[in-house]
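# Analysis of the macromolecular model
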Amino acid sequence: MPTPSEPTPDLGLFDAVVNLCKRRGFVFPSAEIYGGIRSTYDYGPLGALMLRNIREAWWRAMIQERDDVLPIDAAILTNPKVWEASGHLATFTDPLVDCRKCKERWRADQIEATCPNCGSSDLTEARPFNLMFKTFVGPVEEDSSVAYLRPETAQGMFVNYLNVETTMRRRPPFGIAQIGRAFRNEITPGNFVFRTREFELMELEYFVPPADSPRWQQYWCEERLSWYTRYGIAREKLRLRPHDPEELSHYSSGTTDVEFLFPWGWGELEGIANRTDFDLRAHQEHSGTSLEHFDQASGERYIPHVVEPAAGATRAMMAFLLAAYEEDEIAGERRVVLRLHPRIAPYHVAVLPLSKKDTLSPLAREVLHRLQRNFMCEYDETQSIGRRYRRQDEIGTPYCVTVDFESLDDQQVTVRERDSTEQTRLPIDELVSHLRGRLDI
Ligand code: GAP
């Protein structure tokens, strides 16, 4: 139950956003012409653009604007010994129960004593179910060729710790970051793209001297919370929640989640974990390679501790969409508007010739080509101008540029702003600098 100071969850919002995602080309059920596959989605043109913007916003904050974090791009399929050492083979499990009556399967920790499908209480004992997808490398399906799709990108950074430290001449504190697909055979995926079996992770492993990890964990909690507000999510829709001891992952001595107020209640967007030296120590033991750091200043030798902010890009996309969705009224007409941050919105600018007539197209296309060198643009010349504005509002485009018949004479165009719907007339030559200043990109 929300406390009186918290906003109330809005269940209608979920349906509205899911509907918009399909209708406007953000997210499609995967392989829909074959009936889809449960809880698996394809990102359409607008979803692909938006996901790319989320990745770039994360990359900007975590890598570009810092001098202590380096990127890598590790393989999805790797030596299975990695997963043995990391503990994922033994402990990356969820408790699975079967309903003996309707045969549905559930995560024991997510249901009460009865089956949510048929209400039967005739459930099996919970048993551990490993979430890693198994495959075979090479043509022979035998035990020695088993490999796993990575369930987190983090291990690619731990096994490359030494490579990065030495080639890039770093010493703690410093971080390694990466963005990439991860795969988990979730027992109960659902809530649209909130929980899927294939999703995108954006992870930082920040290596620090052991005594400094609590301070760095606090630091990363604040940093990550402010990343979401920087890109448009209201502070009151976010909170930090420390895990109870029984919730902690096998590698964590303490985790705090950044949570968002989803339509069904608070849900995790990102976890900031203190992984201690769990992973590097395990890889040192299993590989026989020393992963100790020698601090020349103090003469100390230690295995670095790791603070890990791990965010889901696909889940963040859902949160950004939910937070941006609004219905308002403009001149007595209802409209849907996505008040997305310009860096997150699929398009920055839409170029709209007032009429489809051939006389306007050459100038409109010239304006488009000028803008395309600087911004992600859409060109739309179909339907009435009012309907085209509505469509751009609905997909979150911050600015529309309208080319009309007067533009042919005065070389000026009209710029319409999404949120206020205010219109400004200005020379085509000033368009790029005007929009650059407004868009802050
Ligand atoms: N390396 C640590 C790690 O993977 P996690 O809490 O399991 O931590 C990090 O995952 C983030 O990835 C979550 O906060 C969530 O945003 C996202 N995530 C996890 N499982 C997901 C799933 N099945 N579908 C979509 N996103 C998921």
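Structural notes, computed from the coordinates. Computed from a predicted structure; not experimentally measured.

Each helix and strand in the protein was counted, giving 13 helices and 23 strands. Overall, the protein is about 75 × 65 × 55 Å in size when its C-alpha atoms are taken along their principal axes. In the protein, which comprises 441 residues, the share counted as buried stands at 51%. Sequence separation of at least 24 residues holds for 64% of the intrachain contacts in the protein that already meet a minimum separation of 6. Accessible surface, the protein as shown: approximately 21,000 Å² in total, 49% of it carbon and sulfur. A gap of 3 Å separates the mean positions of the 53 positive and 68 negative side-chain charges of the protein.

Next up on the list: the pattern of salt bridges. Under the counting rule described, the total for this entry stands at 42 salt bridges. One salt bridge in this structure joins Arg100 and Asp122, with 2.9 Å as the shortest N-O distance. Placement of the pair is Arg100 in the loop between β4 (93–98) and β5 (105–107) and Asp122 in the loop between β5 and β6 (127–130), with a sequence separation of 22 residues. On the basis of relative accessible area, Asp122 is assigned to the partly exposed category, the value being 37%. Bridged by salt links that share partners, the residues Glu326, Asp328, Glu333, Arg335, Arg339, Arg390, Asp393, Arg416, Arg418 and Asp419 form one connected network.

Along the chain, Glu200 falls in strand β10 (residues 198–208). Residue class for Glu200 comes out buried when judged on its relative accessible area of 5%. A polar side-chain atom of Glu200 sits 3.3 Å from a polar atom in the side chain of Arg181. If we skip the residues at most four places from it in the chain, Glu200 touches Arg55, Ile179, Gly180, Arg181, Ala311, Gly312, Ala313 and Thr314.

Residues Phe26, Met50, Ile54, Trp227, Tyr228, Met317 and Phe320 are the most contacted members of the largest nonpolar core, which totals 62 residues. Here the element with the most residues in this core is helix α2 (residues 45–64); it accounts for ten residues. Once residues lying within four places of it in the same chain are set aside, the contact partners of Met317 are Phe26, Val27, Tyr43, Gly47, Met50, Leu51 and Ile54. Val349, Leu363, Phe375 and Cys377 belong to the second largest nonpolar core, which has 21 residues in total.

Turning our eyes to something else, we now look at a nonpolar patch on the surface. A grouping of Ile76, Leu77 and Val137 is seen on the molecular surface, where their side chains present a nonpolar patch of about 230 Å² in accessible area. Among the structural elements, Leu77 can be located in the loop between β3 (69–71) and α3 (81–86).

A few words now on the pairing of strand β9 (residues 174–183). The buried fraction of β9 amounts to nine of the ten residues, a majority that puts the element mostly inside the structure. Two elements, β3 and β9, share three bridges in a ladder whose sense is parallel. Residue pairing across strands places Pro71 opposite Ala177, the latter belonging to β9. Here β9 runs beside β10; their pairing, made up of ten bridges, is antiparallel. Its bridge partner lying in β10, Arg181 is registered against Glu200.

Taken together, 19 residues lie near the ligand, and Glu152, Arg184, Thr196, Glu203 and Glu268 sit nearest. Contacts to the ligand include Arg184, whose side-chain N or O atom sits 2.7 Å from an oxygen atom. At a separation of 2.8 Å, a nitrogen atom of the ligand approaches a polar backbone atom of Thr196. Compared with its free state, where it exposes 550 Å², the ligand has 92% of that area covered by protein. Residue assignment for the shell around the ligand shows that the elements contributing at least two residues are β10, β13 (265–276) and β16 (305–312). Grouping the amino acids of the shell around the ligand by side-chain chemistry returns six nonpolar, three polar and ten charged.

To continue, consider unusual backbone geometry. With glycine set apart, most residues show a phi of negative sign, and most peptide bonds adopt trans. The peptide bond linking Pro172 to Pro173 adopts the cis configuration, its omega dihedral lying at 5°. Relative to the elements of secondary structure, Pro173 occurs in the loop between α6 (161–167) and β9. Although it is not a glycine, Phe192 sits at a positive phi angle of roughly 60°. Here Phe192 lies in the loop between β9 and β10. Residue classification places Phe192 among the buried positions, given a relative accessible area of 11%. Here the phi dihedral of Gln411 falls at roughly 55°; this positive angle occurs in a residue that is not glycine. Looking at where Gln411 falls in the secondary structure, it is placed in the loop between α12 (405–410) and β22 (412–417).

Calculation criteria
- Residues numbered from 1 in each chain as written.
- Predicted model: local features only at pLDDT ≥ 70, side-chain atom pairs only at ≥ 80, totals over all residues.
- Heavy atoms only, no water.
- Helix = DSSP H or I, 4+ residues; strand = E, 2+ residues; numbered from the N terminus.
- Buried < 20%, exposed > 50% of the residue type's maximum accessible area, 1.4 Å probe, protein only.
- Contact = heavy atoms within 4.5 Å.
- Areas by Shrake-Rupley, 256 points an atom, 1.4 Å probe, with all protein chains shown as cover.
- Lys, Arg positive; Asp, Glu negative; His and termini not counted.
- Charge placed at Lys NZ, Arg CZ, Asp CG, Glu CD.
- Salt bridge = Lys/Arg side-chain N within 4 Å of Asp/Glu carboxyl O.
- Polar contact = N/O pair within 3.5 Å; in protein donor to acceptor, adjacent residues only side chain to side chain.
- Core = buried A, V, L, I, M, F, W, Y, C linked by side-chain atoms within 4.5 Å.
- Patch = residues over 30% accessible without salt bridge, like charges linked within 9 Å, V, L, I, M, F, W, Y side chains within 5 Å.
- Pairing = 2+ DSSP bridges.
- Near = heavy atom within 4 Å.
- Nonpolar A, V, L, I, M, F, W, Y, C, P; charged D, E, K, R; others polar.

These values are about where atoms sit, not about what they do.
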